[in-house]
Amino acid sequence: MRYVVIMAGGSGTRLWPLSRQGTPKQLLEIFGGKSLLRLAYERVAGMVPDAQILTCTSRAYADVVAEQIPELPQDNILGEPVGRDSLNAVAWSAGVLTERDPDAVVAMVTADQIIDPVDVFQRSLKRAFDVVDAHPEVLVTLGVLPTSPHTGYGYLHRAEALDGFDGVHVLAGFKEKPNHELAQRYVDSGEYWWNAGMFVWRAQNLLDQLVALLPDTAEKIARIVADPGRLDHIFPTLEKTSVDYAVMEPVSAGRTNARVVAVGLDVDWRDVGGYLSLAEQFSTDTDGNAVEGVVVTLDSQGCILINMAGTNHLVAGLGLRDTLVVHTPTSTLVAPLEASERIKELVESVRSSHGQEFA
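This one's a predicted model, so the numbers in the text were calculated from it and none came from an experiment.

Draft legend 1. Structural detail: the packing of helix α3 (residues 85-100) against helix α6 (residues 203-213). Direction vectors running N to C along α3 and α6 enclose 125 degrees, while the axes themselves pass 9 Å from each other. One finds that α3 runs oblique with respect to α6. Considering the relative orientation of α3 and α6, their crossing is left-handed. In contact with L87, V90, A91, A94, G95 and T98 of α3, α6 contributes A203, Q204, L206, L207 and L210.

Draft legend 2. Quick look at the packing of aromatic side chains. Throughout the structure, instances matching the rule amount to 7 aromatic pairs. The interplanar angle of 15 degrees and the centroid separation of 5.2 Å between the aromatic rings of F199 and W201 together place this pair among those described as stacked. By relative accessible area, which is 0% here, W201 ends up buried. What links up through ring pairs into an aromatic cluster is the set Y153, W194 and W269. When the ring centre of F121 is taken as origin, the NZ or CZ atom of R43, which lies over that ring, is 5.9 Å away.

Draft legend 3. Expanded view of the nonpolar core. Counting residues in each nonpolar core, the largest one holds 50 residues, and the members touching the most others are I6, V140 and L142. Here this core gets 7 residues from one element, more than from any other, and that element is helix α4 (residues 118-134). Counting residues in hydrophobic clusters, the runner-up holds 46 residues, among them Y3, L87, L139 and W201.

Draft legend 4. Quick peek at helix α11 (residues 343-354). The end-to-end C-alpha distance of α11, which contains 12 residues, comes to 16 Å, matching closely the 16 Å that a straight helix rising 1.5 Å per residue would cover. If you check which residues of α11 are buried, you get I343, V347 and V350. One side of α11 carries all its buried residues, which in axial view fall inside an arc of 55 degrees. Exposed positions of α11 whose direction lies more than 90 degrees from the buried face are S352 and S353. Buried residues along α11 sit against α10 (275-279), β17 (323-327) and β18 (332-336). One or two steps after α11, the chain reaches G355, where phi turns positive at roughly 65 degrees.

Cut-offs used in this document
- Residues numbered from 1 in each chain as written.
- Predicted model: local features only at pLDDT ≥ 70, side-chain atom pairs only at ≥ 80, totals over all residues.
- Heavy atoms only, no water.
- Axes fitted to C-alpha atoms, helices over the stretch in contact; angles between N-to-C directions.
- Helix = DSSP H or I, 4+ residues; strand = E, 2+ residues; numbered from the N terminus.
- Parallel < 35°, antiparallel > 145°, perpendicular 65-115°, else oblique.
- Left-handed = near helix turned anticlockwise from the far one by under 90°.
- Contact = heavy atoms within 4.5 Å.
- Phe/Tyr/Trp six-rings, centres within 6.5 Å; stacked < 30°, edge-to-face > 60°.
- Buried < 20%, exposed > 50% of the residue type's maximum accessible area, 1.4 Å probe, protein only.
- Lys NZ or Arg CZ within 6 Å of the ring centre and 35° of its normal.
- Core = buried A, V, L, I, M, F, W, Y, C linked by side-chain atoms within 4.5 Å.
- Expected span 1.5 Å × (residues − 1).
- Arc of directions from axis to C-beta.

Structure follows, in structure tokens:
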């Protein structure tokens, strides 16, 4: 049968102080009153029964996940005791599913993206499922047709088309986030897609690749599945790495007997990784300021001003240029926009000086 797993375990540090421990970015209900997690569920709802939709998240906010997606059975919420990057989220999910259904085919989708239109996304995801049904040995990754030479995304290098499927290509390789000149060459060549970080595969096939590539991880995942009571003991010892680096890249390079193919997504796609991408979801005034909440500006241009302190508190900006201001009930962030990618460093400083109180 077909399943969907929503990966929702990230901490969203680059969106501090909006995103904090216990309320990461995927749970913030700031997208028309909905969270990224809820939007991710609504994108796949109806493609498979709710009983075949799971989430892999942090145990620390599993209760909030259950509140935001009440349609899911409780045992479909997989709570990681600690975060160990994307490889272990997909590996544990695959292990759980193969225990339930040895023939499970699973789509791994993320809870930190805005995708529109939904019907086009669903058609592409169905095509990916169909590819795996026809070619059980493949690992499918989803690639977004690029609209600009974006330097914040990884890229997929496409090779020949896969026979019998429109918009599907064998993958020649993965490319890290490029500089602007290289990204422009990628886009101009017409051979590259943005890496959407979503996948479809037979769960057992993913586990088989782990046996070949990371046997220690494969063995530990098998032990967790055989005895879930050992999760807290074993999971923190798993090697922390991404599924792209550990599995998809070596498989695309021919290190196992599997293949990687890419299915195209011709959609409006945004990976909400930081404030620059988040601001694209907010209204913009005549001076190019993206604002959210009770905000007033004067002689300010190209800024992002977010007020999450409610209607009884005003954020006012005067004479600002390309500045980020984020106000919450517990913390206020002020920074030049060009420094917004350094927020992770700032959060570490906050933790060093104040512990977890404000982090």
